[in-house]
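# Report on the structure
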Amino acid sequence: MKKLYIETYGCQMNVNDTEVIFAILAKEGYQRTENIEEADVIMANTCSVRDNAEQRIWGRVDQFNLQRKNRKVVIGILGCMAERLKDALLDTHKVDIVAGPDAYRSLPRLLKAVSDGNPQIDVMLSREETYADINPVRIDKNGVSAYISIMRGCNNVCSYCVVPYTRGAERSRDAHTIVREACDCLAKGYKEVTLLGQNVDSYHWQSGEEDVNFAQLLEMVAQVSPELRVRFSTSNPQDFSDEVIELMAKYENICKHIHFPVQSGSNRMLEKMRRRYSREWYLERVAKIRSVIPDCGLTTDVIAGFCSETEEDHKETLSLFEEVCFDTAFMFYYSERPGTLAARKYPDDVDLETKTRRLNEIIALQNKMSLKSYKKDIGKRFRVLVEGPSKKNPEELCGRASNNKMCVFPDTCHKAGDYVDVEVVNCTSATLLCKLV
Ligand code: SAH
Ligand code: SF4
Ligand code: F3S
């Protein structure tokens, strides 16, 4: 039996893709290993979203090559970097296999062919592939929370973003296979599923008489069992409907958390980024969410220093952060990606020093807002899904509240997968410190 080692970079969807790859190759007799030293095949499932993501991966591929010193190993680059760089990868780095996000069913064939010493490449994108029939080999650590991809690709053209080029056109997966997978997760002991897509709100699957939108899919999955929590990511503000907000309020087991990437607080930037909403639209959506679900968790992504961003634009981002008070944010400075609309049309003209300074200002403000948001929960009671022992103290357990905040509490009786009720007694800017009630 051959041993397969895969390192995963990038988004949650990529983690789920790695699970699909393990499933495809398990059928061919490849067994998963977490020990690179014993692997016959070493792969990186890669991310192209920012240049520093790619640089880090190159460093790792050089390390993979050290494994070739005293034995034969096959090295593969999969995913978004494979798709972006294609055969250029074979010229610059010693890799044997290059396979894009829609080519994973070809991996058995590529692995067989590579044994003759010829590098193999498949970077064909597809309009149909959703890996709907494949039952992923779960690689999560706790056996409590699983990812389910509901769609692939992206039809938006945010001008800074490489994803539509690396992942191809948007396509939605057969709704019944999604529900079946959720049932299967429950049967295996999972208590939470996260429905994944670059833009889940534009999920739309049709077959014969059937026509399912995201809200309908969400309801189908929520009805699998009240014991199975449902999360979803990512929501695009332009498509986020009242229907989804109302469903979240209706079903206890749909978690009250929305990852709601804003990218910038300035309308001029949003337009240039080709996000199809304004600051006002975004704030109206947030107000609507909070009026229907007052305790809803809200997190975001933001880009500092996009092309031509002025100090005024930057201040608008800061003021939006102050106004909304997100629980957490993923904060980046703009990284030009070759081939994107922004790379072709707009000079990357904010210097690195300014980008870094603006990013640091956003981070400093967000740290304050996170603390404020977590402090607001002191005294509240939450139902927590236990994930396991806390990292710092074996006498404590950790798990998430519905709003996605991490809770830690002294407890030696419960175990991963249990639901427990806690009261928040204190907090940091990233954790709620609780006691059992
Ligand atoms: N589909 C999601 C985002 C996917 S990429 C959405 O539309 O919100 C994840 C995050 O990476 C983005 O939200 C954005 O904040 C960031 N990002 C994408 N391209 C980037 C770039 N060229 N430079 C810096 N950050 C980028
Ligand atoms: Fe990229 Fe925009 Fe698609 Fe998100 S919605 S993946 S940011 S193009
Ligand atoms: Fe990265 Fe590709 Fe995901 S570029 S963020 S791994 S879709």
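Look up: the structure comes first, before these words.
## Some remarks on the overall build of the protein
Along the protein, the regular secondary structure elements total 14 helices and 21 strands. For a compact globule of 437 residues, the expected C-alpha radius of gyration is about 22 Å, and the protein comes in at 22 Å, within 12% of that figure. A principal-axis box enclosing the C-alpha atoms of the protein has dimensions of 65 × 55 × 55 Å. Out of the 437 residues in the protein, the part that is buried amounts to 57%. Restricting to contacts in the protein with at least 6 residues of sequence separation, those with at least 24 account for 72%. As displayed, the protein offers around 19,100 Å² of accessible surface, 50% of which is attributable to carbon and sulfur atoms. Treating the 60 positive side-chain charges of the protein as one cloud and the 65 negative ones as another, the clouds have centres 3 Å apart.

## Here's the deal with the sheet that holds strand β5 (residues 97-99)
Hydrogen bonds between backbone groups are what pair the strands of a sheet, and the pairing can be parallel or antiparallel. Read from one edge of the open sheet, 6 strands run β2-β1-β3-β4-β5-β6, paired in parallel fashion. A strand with exactly one partner marks an edge of an open sheet, and here the two such strands are β2 (30-32) and β6 (120-122). Recorded for the sheet is a direction-independent mean angle of 20 degrees between the axes of neighbouring strands. One ladder, built from 3 bridges, connects β5 with β6; its direction is parallel. Counted as the bridge partner of alanine 99 is aspartate 122 from β6. Across the face of the sheet, helix α5 (residues 107-114) comes into contact with β2, β3 (41-46), β4 (74-79), β5 and β6 while running at roughly 165 degrees to β5.

## Things to note about the packing of helix α9 (residues 242-250) against helix α11 (residues 279-292)
In a packed pair of helices, the relevant descriptors are the angle between the two axes and the axis-to-axis distance. Where α9 contacts α11, the two axes come as close as 10 Å, and the packing angle between them is 25 degrees. Judged on the interaxial angle alone, α11 and α9 are roughly parallel. The interaxial crossing formed by α9 with α11 has right-handed handedness. When α9 is examined against α11, the residues Asp242, Ile245, Glu246 and Ala249 are found in contact with a partner set consisting of Arg285, Lys288, Ile289 and Val292. Of the residues assigned to the contact of α9 with α11, the class counts are 4 nonpolar, no polar and 4 charged.

## As for the site of ligand 1
Taken together, 16 residues lie around ligand 1, and Arg50, Gln198, Gln263, Asp301 and Ser335 are the ones closest in. Between a nitrogen atom of ligand 1 and a main-chain N or O atom of tyrosine 160, the distance comes to 3.0 Å. Between ligand 1 and the protein, one listed contact pairs an oxygen atom with a side-chain N or O atom of arginine 275 at 3.1 Å. For ligand 1, whose accessible area on its own is 540 Å², the fraction buried by protein is 91%. Broken down by class, the residue content of the shell around ligand 1 amounts to 7 nonpolar, 5 polar and 4 charged.

## Considering the environment of valine 73
With respect to the helices, strands and loops of the structure, valine 73 is situated in the loop between α2 (51-66) and β4. A sequence separation of 34 residues divides valine 73 from alanine 39, and the C-alpha atoms of the two residues are 7.3 Å apart. When residues no more than four places from it in sequence are discounted, the contact partners of valine 73 are Ala39, Asp40, Ile42, Gln67, Arg68 and Asp96.

## Regarding the pattern of salt bridges
A complete count under the given rule lists 41 salt bridges for this structure. A salt bridge links arginine 268 to aspartate 313; the nearest nitrogen and oxygen atoms lie 2.7 Å apart. A residue pair is termed long-range when its members are at least 10 positions apart, and arginine 268 in helix α10 (residues 267-272) and aspartate 313 in helix α12 (residues 311-324) qualify at 45 residues. Residue aspartate 313 is classed as buried on the basis of its relative accessible area of 5%. The closest approach of N and O atoms between arginine 381 and glutamate 423, which form a salt bridge, is 3.3 Å. Of this pair, arginine 381 sits in strand β17 (residues 381-389) while glutamate 423 sits in strand β20 (residues 419-427), and the two are 42 residues apart along the sequence.

## With respect to the nonpolar core
Residues Leu195, Tyr203, Phe214, Leu217 and Phe232 are the most contacted members of the largest nonpolar core, which totals 57 residues. The dominant element in this core, judged by the number of residues it contributes, is helix α8 (residues 214-222), at 6 residues. Residues contacting phenylalanine 214, with those up to four places away along its chain left out, are Ile150, Leu195, Val200, Asp201, Tyr203, Phe232 and Val244. With 24 residues, the next largest nonpolar core counts Leu4, Leu110, Val114 and Ile139 among its residues.

## A few points about the sheet that holds strand β18 (residues 396-401)
Read around the closed barrel, 5 strands run β17-β18-β19-β21-β20, paired in mixed fashion. For this sheet, the mean inter-axis angle between neighbouring strands, taken without regard to orientation, is 50 degrees. Direction of pairing for β20 relative to strand β21 (residues 431-436): antiparallel, over a ladder of 5 bridges. Bridged to asparagine 426 within β21 is leucine 433.

## Focus on the packing of aromatic side chains
Enumeration according to the criterion identifies 9 aromatic pairs in this entry. Between tyrosine 277 and tyrosine 282, the ring centres sit 6.1 Å apart and the planes meet at 40 degrees, which makes this aromatic pair tilted. Residue tyrosine 277 is classed as buried on the basis of its relative accessible area, which comes to 6%. Accessibility expressed as a relative area gives 0% for tyrosine 282, which makes it buried. Aromatic side chains phenylalanine 321 and phenylalanine 326 sit 5.1 Å apart centroid to centroid with 65 degrees between the ring planes, which places their arrangement in the edge-to-face category. Here phenylalanine 321 and phenylalanine 326 have matching classes, each one buried. Members of the aromatic cluster, each reached through a chain of ring pairs, are Phe240, Phe260, Tyr277, Tyr282, Phe321 and Phe326. Cation over ring: arginine 50 sits above phenylalanine 332, and NZ or CZ is 3.6 Å from the ring centre. The positively charged end of lysine 405 is found above the aromatic ring belonging to tyrosine 374, 4.7 Å away from the centroid.

So, how was this worked out
Residues numbered from 1 in each chain as written. Chains lettered and ligands numbered in written order. Predicted model: local features only at pLDDT ≥ 70, side-chain atom pairs only at ≥ 80, totals over all residues. Heavy atoms only, no water. Helix = DSSP H or I, 4+ residues; strand = E, 2+ residues; numbered from the N terminus. Rg over C-alpha atoms; globule rule 2.2 N^0.38 Å. Buried < 20%, exposed > 50% of the residue type's maximum accessible area, 1.4 Å probe, protein only. Contact = heavy atoms within 4.5 Å. Areas by Shrake-Rupley, 256 points an atom, 1.4 Å probe, with all protein chains shown as cover. Lys, Arg positive; Asp, Glu negative; His and termini not counted. Charge placed at Lys NZ, Arg CZ, Asp CG, Glu CD. Pairing = 2+ DSSP bridges. Axes fitted to C-alpha atoms, helices over the stretch in contact; angles between N-to-C directions. Parallel < 35°, antiparallel > 145°, perpendicular 65-115°, else oblique. Left-handed = near helix turned anticlockwise from the far one by under 90°. Nonpolar A, V, L, I, M, F, W, Y, C, P; charged D, E, K, R; others polar. Near = heavy atom within 4 Å. Polar contact = N/O pair within 3.5 Å; in protein donor to acceptor, adjacent residues only side chain to side chain. Salt bridge = Lys/Arg side-chain N within 4 Å of Asp/Glu carboxyl O. Core = buried A, V, L, I, M, F, W, Y, C linked by side-chain atoms within 4.5 Å. Phe/Tyr/Trp six-rings, centres within 6.5 Å; stacked < 30°, edge-to-face > 60°. Lys NZ or Arg CZ within 6 Å of the ring centre and 35° of its normal.

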